[in-house]
Amino acid sequence: ITSFSNGCGNTKAYCIAAPGKDINSTVPTALDSDGYDEYDGTSMAAPHVAAAIAILKHEYPNLTGAQIVDLLLDNATDLGDSDILNALSVAFSIL
């Protein structure tokens, strides 16, 4: 979780966090010759969570949205307190 993240605050018991700093993204080669650049922010973090949900929905098509959220939260890896945001208790990331 980066210093510019608002963290989970009061929702820490049911929050899913994802990396949002220095995330490789494709860009037009006019912007970077190899077609990749690093970006920060929620626009980089949200796809990680969306992908986790999409994978679970693909594997378990009969689950409801609420069941998928429960599955994620019940099986997330608690990465512990961070030096930046001690309020965050559950972090889920896809490497």
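Analysis parameters
All residue numbers here refer to positions counted from 1 along the written sequence of the relevant chain. Thresholds applied to this predicted model are a pLDDT of at least 70 for local features of residues and 80 or more for the giving and counting of side-chain atom pairs; totals over whole chains, interfaces and linings are not thresholded and use all residues. Side-chain measures were taken over the full set of non-hydrogen atoms in the model, leaving aside hydrogen atoms and water. Each helix is a run of DSSP H or I of at least 4 residues and each strand a run of E of at least 2, with the numbering of both proceeding from the N terminus. Buried means the residue's accessible area, taken with a 1.4 Å probe over protein chains only, is under 20% of the maximum for its type, while exposed means over 50%, and partly exposed covers the values in between. Should any heavy atoms of two residues lie within 4.5 Å, those residues are considered in contact. Should DSSP find at least two bridges between two strands, the strands are taken to pair. Every patch collects residues that have over 30% relative accessible area and no salt bridge, joining them within 9 Å if they carry like charges and within 5 Å if they are nonpolar side chains (Val, Leu, Ile, Met, Phe, Trp, Tyr). The Shrake-Rupley method, run with a 1.4 Å probe sphere, supplies the accessible areas, and residue values consider only the shown protein chains as cover. Salt bridges are identified by distance alone: a Lys or Arg side-chain nitrogen within 4 Å of an Asp or Glu carboxyl oxygen. For the purpose of charge, His is not counted, nor are the chain termini; Lys and Arg are scored as positive and Asp and Glu as negative. Charge positions are represented by NZ for Lys, CZ for Arg, CG for Asp and CD for Glu.

Visitor: Can you walk me through the overall build of the protein in this structure?
Guide: Looking only at helices and strands, the protein has two helices and two strands in total. When the 95 residues of the protein are sorted by exposure, 27% land in the buried category. Contacts in the protein between residues at least 24 apart in sequence constitute 46% of all its contacts with a sequence separation of at least 6.

Visitor: Would you take a moment to explain the pairing of strand S1 (residues 23-26) for this structure?
Guide: On a regular strand, one side chain projects to one face of the sheet and the next to the other, so that they alternate. Only one face of S1 is buried: it carries Ile23 and Ser25, and the other face, with Asn24 and Thr26, is open. Two elements, S1 and strand S2 (residues 36-39), share four bridges in a ladder whose sense is antiparallel. Within the sheet, the bridge partner assigned to Ser25 lies in S2 and is Asp37.

Visitor: I would appreciate a short explanation of the environment of Thr26 in the present structure.
Guide: Within the secondary structure layout, Thr26 lies in strand S1. Spatially, the C-alpha atoms of Thr26 and Tyr36 are 4.5 Å apart, while their sequence positions differ by ten residues. Apart from the residues within four sequence positions on either side, Thr26 is in contact with Gly35 and Tyr36.

Visitor: I would appreciate a short explanation of a negative patch on the surface in the present structure.
Guide: Taken together, the side chains of Asp22, Asp34, Asp37 and Glu38 present a region of like negative charge at the surface. Mapped onto the elements, Asp37 comes out in strand S2. Given the relative accessible area of 32%, Asp37 is considered partly exposed.

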